[in-house]
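What follows is the residue order along each chain.
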Amino acid sequence: MRHAFVDYVPDKVEPDTLYIALEYDTAVHLCACGCGNEVVTPLSPAKWAITYDGRSVSLYPSIGNWSYHCLSHYWIEKGQVRWARKWSKAEIDAVRRKDADEGQKLFEEKLEPISTDEGPNQPRQSSGFSYWLARLFGR
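My aim in this report is to walk through the structure given alongside it, one point at a time.

Let us look at the pattern of salt bridges. Applying the stated rule across the entire model yields 4 salt bridges. Here E14 makes a salt bridge to K12, at a shortest N to O gap of 3.9 Å. Taking the relative accessible area as the measure of exposure, K12 reaches 58% and is therefore exposed.

Right under this line is the structure:
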């Protein structure tokens, strides 16, 4: 699989190409099984990471397309697709729960409490999605 560092992912994603938009922390490719589904992998400590050795790109961890009919599961290592064994529904569900838990923990670790001058009787939220929204929109 070749790679392309891009400013924007093209409207028509070509087969066997991993598009990497660093500004948007996103990598996109067509499913390696050939089903034609577009696979979007957000790059972050809680999701996927890329390594670039000057010639090829690796994407970790594996890509499990368990929301697609093909249920494909593979790694992209140094530009090569390496297939994984087929996982059971129980294994998939367990990994999804673990990923969600780890993502939430990482998210909460990155948050800092909001300091307010409104006194001790004002409620403060120190973590979670609504806290993040409040921080994002300045409320």
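Next comes the rest of the write-up.
Bringing the sheet that holds strand β5 (residues 49-52) into the picture now. The strands that make up a sheet are held in pairs by hydrogen bonds between backbone atoms, and each pair lies either parallel or antiparallel. Read from one edge of the open sheet, 4 strands run β5-β6-β7-β8, paired in antiparallel fashion. Whereas interior strands pair on both sides, the edge strands pair on one side only; in this sheet they are β5 and β8 (80-83). Averaged over neighbouring strand pairs, the angle between their axes works out to 25 degrees when direction is ignored. As paired elements, strand β7 (residues 73-77) and β8 share 4 bridges and run antiparallel to each other. Looking across to β8, one finds that E77 is bridged to Q80.

A word on unusual backbone geometry. Looking along the chain, the bond that leaves Y60 and enters P61 is cis, with omega of -5 degrees. You can see P61 is positioned in strand β6 (residues 57-64). Even without being glycine, L71 reaches a positive phi, approximately 55 degrees. Here L71 falls in the partly exposed class, since its relative accessible area comes to 34%.

The rules behind each value
Residues numbered from 1 in each chain as written. Predicted model: local features only at pLDDT ≥ 70, side-chain atom pairs only at ≥ 80, totals over all residues. Heavy atoms only, no water. Salt bridge = Lys/Arg side-chain N within 4 Å of Asp/Glu carboxyl O. Buried < 20%, exposed > 50% of the residue type's maximum accessible area, 1.4 Å probe, protein only. Pairing = 2+ DSSP bridges. Helix = DSSP H or I, 4+ residues; strand = E, 2+ residues; numbered from the N terminus. Axes fitted to C-alpha atoms, helices over the stretch in contact; angles between N-to-C directions.

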